[in-house]
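# Descriptive analysis of the structure
Residue strings, one per chain:
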Amino acid sequence: MAFRQPSIEYKTAAQIRKMRTAGLVVSRALDAAVAAAVVGATTRDIDAAFEAVLDEAGARSNFKGYHGFPATVCVSVNEEVVHGIPGDRVLQDGDILSIDGGCSVDGWHGDSARGVIVGTADPEDQRLSEITEEAMWRGIAALATGHRVGDIGNAIDDYVSSIPGKPLGILEDYVGHGIGTAMHQAPDVLNYRTNHRGPKIRPGLCLAIEPMLVRGNIETAVLEDDWTVVTTDGSRSCQWEHTVAVHDGGIWVLTAEDGGAAKLAPLGVTPVPLD
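Here's what I pulled together on the structure shown here. Predicted, not measured: the structure shown is a model, and the values here were computed from it.

## Quick word on a negative patch on the surface
Together, Glu172, Asp173, Glu219 and Asp233 make up a region of like negative charge exposed at the surface. Looking at the secondary structure, you find Asp173 in the loop between strand 6 (169-170) and strand 7 (176-178).

Structure below.
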């Protein structure tokens, strides 16, 4: 029996511009959240910093209340991979965080995440964050030059696998996604190589590309809070994410202030804004 695949919401240029508005609010809110991630701060302080920017912009958090999630951002610390709930946890020197947040403006969504190291970085954690971020940009470049969504995961996997030294694991349980009038839409965006080619890349496609890498085994478990995902071997993890649009002129990283220009230039890709 053949199963119908979820339909993809393709956006007009005007709709992509609305998503850009949301994306820029997310970028500014993440700036504030990253600045709040200092030794002695709590993960709740990070959430408050992000939320204050959304409130000032008149934007709505698309995390808070999502299936009951109680906070504005996910703050995942060390062995926590994704969906960490902000609270009273005090940040320590050398912690590695993934701060993941988003918002909607006039019903259009943005979603982005950054890896942050608090205080003095362990060289292996610094390596983890740098490789995860670069893997994200390799995936974004593949969106610009590829033909199918599966090309994104191929590019991420090929890059991570090519790095010399101790191998890093690419999480398979959680992947990127389409985004637009909802935070999570079709299609899934895998971060690893498979035989599944995925849908064709064409104008109007908007994706959240978000590789999650770990220093150890990729096996994960969900804690009793029903949200926080951790590595079962206690190894540290990192996540980076951007929302990216495809339009008639090229791609545009909606959650990057410069549209992705600086990071994509070394990869031979020039993002094209619509404004």
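Further notes follow.
## A short note on the nonpolar core
One finds Ile140, Leu143, Val160 and Ile209 to be the most contacted residues of the largest nonpolar core, which totals 35 residues. For this core, the element with the most residues is helix 3 (residues 123-145), which contributes eight residues. Setting aside anything within four residues of it in sequence, one finds Leu143 in contact with Ile152, Ile201, Leu205, Leu207, Ile209, Val244, Val246 and Ile251. Core analysis: the second largest hydrophobic core is formed by 25 residues, Val25, Ala33, Leu54 and Leu91 among them.

## What to know about the packing of aromatic side chains
Summed over the entire model, instances satisfying the criterion amount to one aromatic pair. For the ring pair Phe69 and Trp227, a centre distance of 5.0 Å and an interplane angle of 80° mean the geometry is edge-to-face. On the criterion of sequence distance, the pair formed by Phe69 in the loop between strand 1 (60-61) and strand 2 (73-77) and Trp227 in the loop between strand 11 (220-222) and strand 12 (229-231) is long-range, its members being 158 residues apart. Considered together, Phe69 and Trp227 belong to a single accessibility category, that of buried residues.

## Some remarks on the sheet that holds strand 6
Spatially, 6-10-13 is the arrangement adopted by the three strands of the open sheet, whose pairing is antiparallel. Whereas interior strands pair on both sides, the edge strands pair on one side only; in this sheet they are strand 6 and strand 13 (237-239). Pairing analysis gives two bridges linking strand 6 to strand 10 (residues 212-214), with the strands arranged antiparallel. Of the residues in strand 10, the one forming a bridge with Gly169 is Val214.

## Let's talk about the pairing of strand 2
Among the five residues that make up strand 2, five are buried, leaving the element largely enclosed by the rest of the structure. Along strand 2, one buried face is formed by Val73, Val75 and Val77 and the opposite face, lined by Cys74 and Ser76, is buried too. Bridge count between strand 2 and strand 4 (residues 96-105): five bridges; the pairing is antiparallel. Looking at strand 4, one finds that Val77 is bridged to Leu97.

## Section: the pattern of salt bridges
The final tally for this structure, using the stated rule, is 11 salt bridges. Put simply, Arg114 and Asp31 hold a salt bridge, and the shortest N to O gap is 2.8 Å. Taken together, the positions of Arg114 in strand 5 (residues 108-117) and Asp31 in helix 1 (residues 13-36) put the pair 83 residues apart, joining distant regions of the chain.

## Structural notes on the sheet that holds strand 11
The strand order across the open sheet formed by three strands is 3-12-11, and the pairing between neighbours is antiparallel. The open sheet has two free edges, formed respectively by strand 3 (80-82) and strand 11, since each of these has just one partner strand. The average angle at which neighbouring strand axes cross in this sheet is 40°, direction not considered. Both strand 11 and strand 12 contribute to a ladder of three bridges, which runs antiparallel.

## Considerations on the pairing of strand 8 (residues 185-189)
Of all the five residues making up strand 8, four are buried; the element is thus mostly covered by neighbouring parts of the structure. When strand 7 meets strand 8, the two strands line up antiparallel, connected through three bridges. When the bridges of strand 8 are listed, His177 appears paired with Asp188. Connecting the antiparallel pair strand 7 and strand 8 is a turn made up of six residues.

About the criteria used
- Residues numbered from 1 in each chain as written.
- Predicted model: local features only at pLDDT ≥ 70, side-chain atom pairs only at ≥ 80, totals over all residues.
- Heavy atoms only, no water.
- Patch = residues over 30% accessible without salt bridge, like charges linked within 9 Å, V, L, I, M, F, W, Y side chains within 5 Å.
- Areas by Shrake-Rupley, 256 points an atom, 1.4 Å probe, with all protein chains shown as cover.
- Salt bridge = Lys/Arg side-chain N within 4 Å of Asp/Glu carboxyl O.
- Lys, Arg positive; Asp, Glu negative; His and termini not counted.
- Charge placed at Lys NZ, Arg CZ, Asp CG, Glu CD.
- Helix = DSSP H or I, 4+ residues; strand = E, 2+ residues; numbered from the N terminus.
- Core = buried A, V, L, I, M, F, W, Y, C linked by side-chain atoms within 4.5 Å.
- Buried < 20%, exposed > 50% of the residue type's maximum accessible area, 1.4 Å probe, protein only.
- Contact = heavy atoms within 4.5 Å.
- Phe/Tyr/Trp six-rings, centres within 6.5 Å; stacked < 30°, edge-to-face > 60°.
- Pairing = 2+ DSSP bridges.
- Axes fitted to C-alpha atoms, helices over the stretch in contact; angles between N-to-C directions.

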